[in-house]
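Residue-level structure breakdown
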Amino acid sequence: MKKLLLLLVLLAFQVVAFAQQGTVVESLSMKSDLLNRDVKYSIYLPPGYDDSQRDYPVLYLLHGYSDDETGWIQFGEVNRIADEAIDSGSCSPMIIVMPDAKVTWYCNDYQGKDPYEDMFIKEFIPFIESQYRIRSKKEFRAVAGLSMGGYGALMYSMKYNDLFSSCVAFSSGTFTDKEIVNMPDKNYTMFFGDIFGKNLEGQARISKNWIEHSPLHLAKDIPAEKLRSVRYYIDCGDDDFLYKGNSALHVLLRDLKIPHEYRVRDGSHSWTYWRTGLPAGLKFISESFHR
């Protein structure tokens, strides 16, 4: 009996020993000249990163409105989910970078005072890919996010389709023009006024800056052959308040013959929904990294 117990203990120890974990570092920072402030970010380095010399593909994982660079770790459990996916073989080992975007919608604001988008493309990506062992080519770079971050992921992958191989958007903050036009003034001012134009009413809200960032407009305005160079995965719950914009984007991409995956699962705008969707999202991204 004692021998059996000893054997079980040894087997359990071996299982733990072989289940390697990645490394997470929260709230690092990069000095941005464009924003004239530090930009915080958290990073996940896959198991084996410190013990190897290999270069890794990279995923830029974007947070939602009012969250920060720690959200995907503290509430999304991204490190646990990535560890499990890598261990099972469903996900390639990858570096995951989570920047803080405050409430910028990942855009340049209409006044040019807070050019977050320019910072992300011109400063942040080059900085990250100079600091870590990253395979810095389009085919090894992906972007994903939830809610505001899903909007940012779609916007970046469409506008900068030469930079990203895939995009995963969970519950993306994609609104139709009609929703924006009819939005109560209080809500529009709170969520969008600083970005797309203050004190705008009705049709005036469909401003130049709105059109230049809306995934629904970008899908129509960017040549289809360029959009087809990116693989898209869109996932929005059946009880999510953002269902209109997400379903409209799906219909538009179908009409334009832009290949994409579209998922409607049981759930709402919640961390439970995003946590349970992340394994499939990571698998989709990994498939883009494979030759």
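The structure under discussion appears in the preceding block.
For every chain, the first residue of the written sequence is number 1, and numbering continues from 1 along that sequence. Totals for whole chains, interfaces and linings use all residues, but because this is a predicted model, local features are given only for residues with pLDDT of at least 70 and pairs of side-chain atoms are given and counted only at 80 or more. Side-chain numbers come from the whole structure's heavy atoms, not from hydrogens or water.

A short note on the overall build of the protein chain
Scanning the protein chain from terminus to terminus reveals 13 helices and eight strands. Here the C-alpha coordinates of the protein chain stretch approximately 75 × 40 × 40 Å along the principal axes. Buried residues are those whose accessible area, probed at 1.4 Å on protein chains only, stays under 20% of the maximum for their type, while exposed residues exceed 50% and partly exposed ones sit between those limits. Sorting the 291 residues of the protein chain into buried and exposed places 52% on the buried side. Counting only contacts in the protein chain whose residues sit at least 6 apart along the sequence, the fraction spanning at least 24 positions is 75%. Using the Shrake-Rupley algorithm and a 1.4 Å probe, accessible areas are obtained, with residue cover drawn only from the displayed protein chains. Counting only carbon and sulfur atoms, one obtains 53% of the accessible surface of the protein chain, whose full area is about 13800 Å². Helix and strand assignments come from DSSP, with helices taken as H or I runs of at least 4 residues and strands as E runs of at least 2, each series counted from the N terminus. Any two residues having at least one pair of non-hydrogen atoms within 4.5 Å are treated as being in contact.

Some words on helix α5 (residues 148-159)
Two residues of an α-helix separated by three or four positions point the same way, owing to the 3.6 residues in each turn. Here a helix's expected span is defined as the number of its residues, less one, multiplied by 1.5 Å. Between its first and last C-alpha atoms α5 spans 16 Å; for twelve residues at 1.5 Å apiece the expected length is 16 Å, and the two agree. Most of α5 sits out of view: eleven of its twelve residues are buried. For α5, the full list of buried residues reads M148, G149, G150, Y151, G152, A153, L154, M155, Y156, S157 and M158.

Points about the side chain of S288
Here S288 lies in helix α13 (residues 271-289). Given the relative accessible area of 12%, S288 is considered buried. Two N or O atoms count as a polar contact when they lie within 3.5 Å, although within protein this holds only if one can serve as hydrogen donor and the other as acceptor, and sequence-adjacent residues are included solely when both atoms are side-chain atoms. Of the polar contacts made by the side chain of S288, one reaches the side chain of R231; its length is 2.5 Å. Other than its neighbours up to four places away in sequence, S288 contacts E139, S165, S166 and R231.

Here's the deal with the pairing of strand β3 (residues 58-62)
By the criterion of burial, β3 is predominantly enclosed, with five of the five residues buried. Here, strands pair whenever DSSP counts at least two bridges between them. Note: β3 against strand β4 (residues 95-99), three bridges, orientation parallel. From the neighbouring strand, Y60 faces β4, where its bridge partner is V97. Inspection of the sheet shows β3 paired to strand β5 (residues 141-146) by five bridges, in the parallel sense. Each residue of the ladder has a partner; that of L59, found in β5, is A142.

Some thoughts on the nonpolar core
Ranked by size, the top nonpolar core spans 61 residues in total, and within it Y60, I95 and F120 carry the most contacts. In this view, Y60 contacts V97, F120, F124, I125, I128, E129, R141, A142, V143, A144 and F164; residues no more than four positions away in its chain are not counted. Ranked by size, the runner-up nonpolar core spans 28 residues in total, among them Y44, W72, I73 and W274. As used here, the term nonpolar core means buried Ala, Val, Leu, Ile, Met, Phe, Trp, Tyr and Cys residues forming a set that is joined through side-chain atoms within 4.5 Å.

Comments concerning the sheet that holds β5
Judged by pairing direction, the sheet is mixed, and its eight strands sit side by side in the order β1-β2-β4-β3-β5-β6-β7-β8 without closing on themselves. Since the sheet does not close on itself, it has two edges, and those belong to β1 (23-32) and β8 (261-263), each with one partner. Averaged over neighbouring strand pairs, the angle between their axes works out to 20° when direction is ignored. By the bridge criterion, four bridges tie strand β2 (residues 37-45) to β4 in an arrangement that is antiparallel. Bridging across to β4, Y44 finds its partner in I96. To obtain an axis, a line is fitted to C-alpha atoms, over the contacting stretch when the element is a helix, and the angle between two such axes runs from 0 to 180 degrees between their N-to-C directions. On top of the sheet, helix α3 (residues 78-88) reaches β1, β2, β3 and β4; it is set at about 35° to β2, its chief contact.

Side note on unusual backbone geometry
Phi at E77 takes a positive value of approximately 55°, unusual for a residue other than glycine. Assessed through its relative accessible area of 28%, E77 is described here as partly exposed. Although it is not a glycine, S147 sits at a positive phi angle of roughly 55°. Assignment of secondary structure puts S147 in the loop between β5 and α5.

A short note on the packing of aromatic side chains
A pair of aromatic rings is counted whenever rings of Phe, Tyr or Trp (Trp by its six-membered ring) have centres within 6.5 Å, and the orientation is called stacked for planes under 30 degrees apart, edge-to-face for over 60 and tilted otherwise. Within this structure, the stated rule accounts for 24 aromatic pairs. Ring centres of F196 and W210 lie 5.1 Å apart, and the angle between their planes is 85°; this geometry places the pair in the edge-to-face category. Of this pair, F196 sits in helix α8 (residues 193-196) while W210 sits in helix α9 (residues 208-211), placing them 14 residues apart in sequence. Assessed through its relative accessible area of 2%, F196 is described here as buried. W210 gets classed as buried once you look at its relative accessible area, which sits at 2%. What links up through ring pairs into an aromatic cluster is the set Y41, Y60, Y106, Y116, F120, F124, F127, Y156 and Y160. Placement of a positive charge over a ring is assigned whenever Lys NZ or Arg CZ falls within 6 Å of the ring centre and within 35 degrees of the normal to the ring plane. For R135, the ring lying beneath its charged end belongs to F140, and the centroid distance is 3.9 Å. In this structure, R265 is placed above the aromatic ring of Y273, and the distance from its NZ or CZ to the ring centre is 3.7 Å.

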